[in-house]
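Residue-level listing of the chains:
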Amino acid sequence: MTTAERPAPDPQEPPVPDARERAAAERLFGPRLGLAERYVTHLASSGIVRGLIGPREVPRLWSRHVLNCAVVEELVPEGARVVDVGSGAGLPGLCLALARPDLSMTLVEPLERRVQWLEEVVADLGLANVRIVRARAEQARDEVGEVDVVTARAVSALTGLLDITLPLLRGRGELLALKGRTAADEVVKARKKLHRYAARSTEVVTAGTELLEEPTTVVRVRL
């Protein structure tokens, strides 16, 4: 059986957050918690069926995905113009937009099926602070306009990520790259390229230390 012939995975019930996850979600999303719950329902149902999220990830949608992304809001300035590169299932873009209605969020995603899903979810949640651009990041500079912050998660290693994200900043602003345990090593490997882009500072920081059992690791590059 070819990949095209394989049946789509079945939709699943959204996971119920445990007490700690619930407390973190209430703190992060406040009056928009209901919208965040609907977003998780989309991830567990149509997100699974249409291949944006793997079925095995459903039990961890709150901890590993939604909350892991949403805590990055503490690193984003008030009223910032944010571009999320390779947004996929809206991670971290939609999580940040839900947690921070003051942000102007642009989701950049090249694949049509993912863009269609994002458009459906944004419409259902009524997120007026989100727009979606179908393009590769390196082609989106003119369309996204002025940018204060670029975010990215699970797009590529830092060395390659710099080439597709930093040009969007037009020489001013910051990149917040959500990373794992390899973050420090990736920074070391990217030193020459960081120098080429005249980065003012590069640091590995954590977000959500007070809220999550496993805080989110972020590489923060300032131009």
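Residues numbered from 1 in each chain as written. Predicted model: local features only at pLDDT ≥ 70, side-chain atom pairs only at ≥ 80, totals over all residues. Heavy atoms only, no water.

### Observations regarding the environment of Pro31
- Along the chain, Pro31 falls in the loop between helix H1 (19-29) and helix H2 (33-44).
- Residues Pro31 and Val108, 77 residues apart in the sequence, show an inter-C-alpha distance of 27 Å. (Helix = DSSP H or I, 4+ residues; strand = E, 2+ residues; numbered from the N terminus.)

### Topic: the sheet that holds strand S4 (residues 149-153)
- Sheet architecture is open: seven strands sit in the order S3-S2-S1-S4-S5-S7-S6, paired in mixed fashion. With one partner strand each, in any of the chains shown, strand S3 (130-133) and strand S6 (201-207) form the two edges of the open sheet. Neighbouring strand axes in the sheet, compared pairwise and without regard to direction, differ in orientation by 20° on average.
- One ladder, built from six bridges, connects strand S5 (residues 174-179) with strand S7 (residues 216-222); its direction is antiparallel. Of the residues in S7, the one forming a bridge with Lys179 is Thr217.
- The sheet strands contacting helix H4 (residues 61-70) are S4, S5 and S7, and the helix crosses S4 at an angle near 165°.
- Against the sheet, helix H8 (residues 158-165) engages strand S1 (81-85), S4, S5 and S7, with an angle of about 145° to S5. (Pairing = 2+ DSSP bridges. Axes fitted to C-alpha atoms, helices over the stretch in contact; angles between N-to-C directions. Contact = heavy atoms within 4.5 Å.)

### Section: the pairing of S4
- Counting buried positions along S4 yields five of five residues, so the element is predominantly enclosed.
- Here S4 shows no split at all, with Val149, Thr151 and Arg153 on one side and Val150 and Ala152 on the other all buried.
- The handedness of the S4 to S5 crossover, carried by H8, is right-handed. (Buried < 20%, exposed > 50% of the residue type's maximum accessible area, 1.4 Å probe, protein only. Right-handed = clockwise from strand over helix to strand, strands pointing away.)

### With respect to the pattern of salt bridges
- Following the criterion strictly, the structure yields 17 salt bridges and no others.
- For Glu174, the salt bridge identified is with Arg220, shortest N-O distance 2.7 Å. Of this pair, Glu174 sits in strand S5 while Arg220 sits in strand S7; the two residues are 46 residues apart in sequence, bridging distant segments of the chain. Neither residue differs from the other here; Glu174 and Arg220 are each classed as buried.
- Note that Glu203 is salt-bridged to Arg222, the shortest N-O span being 3.5 Å. One end of the pair, Glu203, is in strand S6; the other, Arg222, is in strand S7, and 19 residues separate them in sequence.
- The class for Arg222 is partly exposed, based on a relative accessible area of 24%.
- One salt-bridge network, held together by shared partners, links Arg22, Glu26 and Glu37. (Salt bridge = Lys/Arg side-chain N within 4 Å of Asp/Glu carboxyl O.)

### Quick word on helix H6 (residues 112-125)
- Counted at 1.5 Å a residue, the expected span for H6 with its 14 residues is 20 Å, and the 20 Å between its end C-alpha atoms agrees.
- Looking at the packing, one finds that the buried side of H6 touches H2, helix H3 (46-49), helix H5 (93-99), strand S2 (104-108) and S3.
- Backbone geometry just after H6 places Gly126 at a positive phi near 65°. (Expected span 1.5 Å × (residues − 1).)

### Quick look at unusual backbone geometry
- Leu91 connects to Pro92 through a cis peptide bond whose omega is 10°.
- Positionally, Pro92 belongs in the loop between S1 and H5.
- Residue Ala154 is not a glycine yet carries a positive backbone phi of 55°.
- Mapped onto the fold, Ala154 is located in the loop between S4 and H8.
- Since its relative accessible area comes to 78%, Ala154 is described here as exposed.
- Even without being a glycine, Ala198 presents a positive backbone phi close to 55°.

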